[in-house]
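One-letter residues, chain by chain:
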There are 2 protein chains.
Amino acid sequence: MSEQPTYLRIAGDLRQRIADHEWAEGAQLPSRAQLAKDFGVSDAIIRRAQELLIAEGILEGRAGSGTYVAEQRKRLRMTRSCLSGRLDEAPGGPDLGALGGMETWESRSDGIVPAPKQVACRLGIAEGDYCVRTAYEHLSDGKPVYLSTSWEPYEITSGTLVMMPDGGPLAGAGVVRRMAEIGITVTHAVERSEPGQVNAEEANLLGIQRGAPCTRIERTFYGDDGRAVETADIVVPATLCEIVYEVPVWQGSDSSD
Amino acid sequence: MSEQPTYLRIAGDLRQRIADHEWAEGAQLPSRAQLAKDFGVSDAIIRRAQELLIAEGILEGRAGSGTYVAEQRKRLRMTRSCLSGRLDEAPGGPDLGALGGMETWESRSDGIVPAPKQVACRLGIAEGDYCVRTAYEHLSDGKPVYLSTSWEPYEITSGTLVMMPDGGPLAGAGVVRRMAEIGITVTHAVERSEPGQVNAEEANLLGIQRGAPCTRIERTFYGDDGRAVETADIVVPATLCEIVYEVPVWQGSDSSD
DNA sequence: TCGAATTTGTGCGTATGTATC
DNA sequence: GGATACATACGCACAAATTCG
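None of the values given here were measured: they were computed from a predicted structure. (Residues numbered from 1 in each chain as written. Chains lettered and ligands numbered in written order. Predicted model: local features only at pLDDT ≥ 70, side-chain atom pairs only at ≥ 80, totals over all residues. Heavy atoms only, no water.)

## Structural notes on the overall build of chain A
(1) Moving on: In terms of helices and strands, chain A carries seven helices and ten strands.
(2) Moving on: Taken across its 257 residues, chain A has 49% of its residues classed as buried.
(3) Moving on: Carbon and sulfur atoms provide 49% of the accessible area of chain A, an area that totals close to 11600 Å². (Helix = DSSP H or I, 4+ residues; strand = E, 2+ residues; numbered from the N terminus. Buried < 20%, exposed > 50% of the residue type's maximum accessible area, 1.4 Å probe, protein only. Areas by Shrake-Rupley, 256 points an atom, 1.4 Å probe, with all protein chains shown as cover.)

## Notes on the pairing of strand β3 (residues 76-81) of chain B
All names here are of chain B.
(1) Moving on: Counting buried residues in β3 gives five out of six residues, a clear majority hidden from the surface.
(2) Moving on: Sheet topology note: the β3/strand β10 (residues 241-248) ladder contains six bridges and is parallel. Bridged to Arg77 within β10 is Glu242. (Pairing = 2+ DSSP bridges.)

## Overview of the protein's contact with DNA strand D
(1) Moving on: Residues in close proximity to DNA strand D total 22 residues, the closest being A:Thr6, A:Tyr7, A:Ile45, A:Gly64 and B:Arg47.
(2) Moving on: Among atoms of DNA strand D positioned within 4 Å of the protein, sugar and phosphate together represent 82%.
(3) Moving on: Between DNA strand D and A:Tyr7 there is a distance of 3.4 Å, counted from a phosphate oxygen to a side-chain nitrogen or oxygen.
(4) Moving on: Between DNA strand D and B:Arg47 there is a distance of 2.6 Å, counted from a phosphate oxygen to a side-chain nitrogen or oxygen.
(5) Moving on: For the surface near DNA strand D, the secondary-structure elements that each account for two or more residues are α1 (6-19) and α3 (43-55) of chain A together with β1 (59-62) and β2 (66-69) of chain B.
(6) Moving on: Here the residues of the surface near DNA strand D are counted per class, giving seven nonpolar, ten polar and five charged. (Near = heavy atom within 4 Å. Polar contact = N/O pair within 3.5 Å; in protein donor to acceptor, adjacent residues only side chain to side chain. Nonpolar A, V, L, I, M, F, W, Y, C, P; charged D, E, K, R; others polar.)

## Some thoughts on the packing of helix α2 (residues 32-39) of chain A against α3(A)
Residue and element names in this part refer to chain A.
(1) Moving on: At their nearest, the axes of α2 and α3 sit 8 Å apart, and the two run at 105° to each other. Considering the angle they form, α2 stands roughly perpendicular to α3. For the pair α2 and α3, the contacting residues are Arg32, Ala33, Leu35, Ala36 and Phe39 in the first and Asp43, Ile46, Arg47 and Gln50 in the second.
(2) Moving on: Considering only residue class, the contact of α2 with α3 consists of five nonpolar, one polar and three charged. (Axes fitted to C-alpha atoms, helices over the stretch in contact; angles between N-to-C directions. Parallel < 35°, antiparallel > 145°, perpendicular 65-115°, else oblique. Contact = heavy atoms within 4.5 Å.)

## Considering the environment of B:Thr220
All names here are of chain B.
(1) Moving on: One can find Thr220 in strand β8 (residues 213-223).
(2) Moving on: Judged by relative accessible area, Thr220 falls into the buried class, the value being 5%.
(3) Moving on: Expressed as a C-alpha distance, the spacing of Thr220 and Met179, which sit 41 residues apart in the sequence, is 14 Å.
(4) Moving on: Apart from residues no more than four positions distant in its own chain, Thr220 is found in contact with Arg122, His188, Ala189, Val190, Ala228, Glu230 and Thr231.
(5) Moving on: Among the polar contacts made by the side chain of Thr220, one reaches the side chain of Thr231 at a distance of 2.9 Å.

## Topic: the UniProt feature "domain: HTH gntR-type" (unreviewed entry) in chain A
(1) Moving on: Mapped onto the present numbering, the UniProt feature "domain: HTH gntR-type" (unreviewed entry) falls at residues 4-72 of chain A.
(2) Moving on: Between the end C-alpha atoms of residues 4-72 of chain A there is a gap of 29 Å, over a span that is 51% helix and 12% strand. (UniProt positions renumbered as here; feature names shortened; annotations may be inferred.)

## A word on the pattern of salt bridges
When the charged atoms of two side chains with opposite charge come close together, those side chains can pair.
(1) Moving on: Using the criterion set out here, one finds 40 salt bridges over all chains in the structure.
(2) Moving on: Salt-bridge contacts for A:Glu60 lead to A:Arg62; the nearest nitrogen and oxygen are separated by 3.7 Å.
(3) Moving on: For B:Asp43, the salt bridge is made with B:Arg32, and the minimal N-O distance between the two is 3.6 Å. One end of the pair, B:Asp43, is in helix α3 (residues 43-55); the other, B:Arg32, is in helix α2 (residues 32-39), with eleven residues separating them in the sequence.
(4) Moving on: For B:Arg32, a relative accessible area of 33% gives the class partly exposed.
(5) Moving on: Three or more residues are tied together by salt bridges with common partners; here these are A:Arg75, A:Arg77, A:Glu242, B:Arg122, B:Arg192, B:Glu194, B:Glu218 and B:Asp233. (Salt bridge = Lys/Arg side-chain N within 4 Å of Asp/Glu carboxyl O.)

## A look at the confidence of the model for chain A
Residue and element names in this part refer to chain A.
(1) Moving on: Across chain A, the average pLDDT comes to 83, with 85% of residues at 70 or higher.
(2) Moving on: Here strand β4 (residues 103-114) stands out as the element of chain A with the lowest mean pLDDT, 78, in contrast to strand β9 (residues 228-237), whose mean of 95 is the highest.
(3) Moving on: Between residues 253-257, whose pLDDT stays under 50, and residues either more than four places distant or in other chains, the model counts 16 contacts. (pLDDT = per-residue confidence, 0-100.)

## Here's the deal with the packing of α1(A) against α3(A)
All names here are of chain A.
(1) Moving on: Between α1 and α3, the shortest axis-to-axis distance is 8 Å and the interhelical angle comes to 55°. Put simply, α1 runs oblique to α3. Crossing of α1 against α3: the hand is right-handed. Residue-level contacts link Thr6, Tyr7, Leu8, Ile10, Ala11, Leu14 and Arg15 of α1 to Ile45, Ile46, Arg48, Ala49, Leu52 and Leu53 of α3. (Left-handed = near helix turned anticlockwise from the far one by under 90°.)

## Some remarks on the state of the cysteines
Residues and elements named next belong to chain B.
(1) Moving on: The tally for this structure, following the rule as stated, stands at zero disulfides over all chains.
(2) Moving on: For Cys131, which is in no disulfide, the shortest distance to another cysteine sulfur is to Cys121 and amounts to 13 Å.
(3) Moving on: In this structure Cys131 comes out as buried when scored by relative accessible area, which is 0%.
(4) Moving on: Considering cysteine sulfurs only, Cys241 is the nearest to Cys214, which forms no disulfide, with 11 Å between them.
(5) Moving on: Exposure remark for Cys214: the relative accessible area of 0% places this residue in the buried category. (Disulfide = S-S within 2.5 Å.)

## Some remarks on the protein's contact with DNA strand C
(1) Moving on: A:Arg47, B:Thr6, B:Tyr7, B:Ile45 and B:Gly64 are the nearest of the 20 residues found near DNA strand C.
(2) Moving on: Counting only the atoms of DNA strand C that lie within 4 Å of the protein, the sugar and phosphate share comes to 79%.
(3) Moving on: Among the elements of the structure, β1 (59-62) and β2 (66-69) of chain A together with α1 (6-19) and α3 of chain B are those that each provide at least two residues to the surface near DNA strand C.
(4) Moving on: Taken together, the residues of the surface near DNA strand C sort by class into six nonpolar, nine polar and five charged.

## Some points on unusual backbone geometry
(1) Moving on: The backbone phi angle of A:Asp141 is positive, close to 55°, even though this residue is not glycine.
(2) Moving on: Structurally, A:Asp141 can be placed in the loop between β5 (130-140) and β6 (143-153).
(3) Moving on: The phi dihedral of B:His21 is positive, around 60°, even though this residue is not glycine.
(4) Moving on: Relative to the helices and strands, B:His21 is located in the loop between α1 and α2.

## Details of the side chain of A:Gln50
(1) Moving on: If you trace the backbone, A:Gln50 turns up in helix α3.
(2) Moving on: A:Gln50 has contacts with A:Leu29, A:Arg32, A:Leu35, A:Leu59 and A:Thr67, leaving out every residue within four places of it along the chain.

## As for the packing of aromatic side chains
Any aromatic ring pair is given by two values, namely how distant the centres are and how the planes are angled relative to each other.
(1) Moving on: Per the counting criterion, the structure on display carries one aromatic pair over all chains.
(2) Moving on: Taking the ring centre of A:Tyr7 as reference, the NZ or CZ of A:Arg48 above it sits at 4.0 Å.
(3) Moving on: Directly above the ring of B:Tyr68 sits B:Arg62, whose terminal nitrogen or CZ lies 3.8 Å from the centroid. (Phe/Tyr/Trp six-rings, centres within 6.5 Å; stacked < 30°, edge-to-face > 60°. Lys NZ or Arg CZ within 6 Å of the ring centre and 35° of its normal.)

Next comes the structure, spelled out in structure tokens:
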């Protein structure tokens, strides 16, 4: 116990051995009792080490069956290209289809709701002002890959045909197109990215383990008048998607490094 | 126990009460024993719930003292702007200084090493080909905020004055400038972003808790000939930095949403 | 179909070490 | 030194899910 706690040492050992392909993807690990005997520690310590690796998405526990090396599903690449004339835009989502099969989504606008404080702040409106909220489940080849919830200020689209993202003639069209329809040009988006874990509900929707690592993105679209036209909370599980940004490098600036 | 395990229910309860500011930032929570009595569960369950929140960066445990609501240090904003003539570039790092004080860094090039498989793949060179590896510790107002390790193919800078990032006349200058010096124009970067946790060593360097959530970015710079000129592993702890991308929206594309 | 064995998931009590006050 | 509180570790019990005879 000199330097590192036992459970961390064992977690590291298992992590290394999995990286070295001692166990194949999808293979079952020895049982807790067996590992405890192998390592000469108690049952609970093995459990604790495994919990760490499960949270990291490396292992997967199946009740009644065993602990397995998590399968690396072929992940959907979500690319934001800032380089050329790519359009990166889907409802609460970026450019899909860069890699992989059929990307689709299901949405349910759950109507007009007062903006929570955080959302109001991002949209530059007052807390409690009305918004159209829409929840999306994004699918690739029919399987869920990431989630998003979007808010649009009611004031902007109120009375137009594009008020509901999933209704009207442009049902299912992206924010950019829908806003263009009512004379608003969307110029850019700002994305705030944070690491996190999926909660039980999200895990259920995505068909993955609770606590699996994910990236939470707060994305806000801005119109040519500088106003925010939509903001979204996007949950991107690391096991299902990889996030790639392509950014240009501007020469001759004050690169102070 | 109907739906959710007790420890998750309690974790959720505490998370909510912290969000509601029942305890201020930096405030000490009641002791485990007290909370166990309050919730009518065992000591261990409280511990388990608290461990979850500590992993989420919401709580902070101090041995011998107590459990505290984690202080939200004013975070450094790391912005990648793809919009105008901003330069986003520092060694293994992006535009700093958008918000906050003095941004500096310390680096130690630990010499010429054979490229590991992953790095070789990102640089488009063969495994084992030599690289100049440099580790950076990025500081804001003297305090560490994020870490990075960069690899540059030895072949590119070999024999030039800019071979070592922290040596020669352009010591401490960014990749873009150093490459410009030897006639290579860096045109763009690709960043792959993944959620993760900091390990013990990183936590130590950053002065934060082990297991704290972070974003791991694999960034690769490309020259005008399409060759990769540098790649870096960047560790951005969520508690110290926020990551923001500004991306343009291209009108009239196949926005299929 | 049933049931027993196995394995994980959850919960509890306790002991020891160590840091803080 | 003593009291308190967290960190780690062990042992046990039971539930739930799975597997297999």
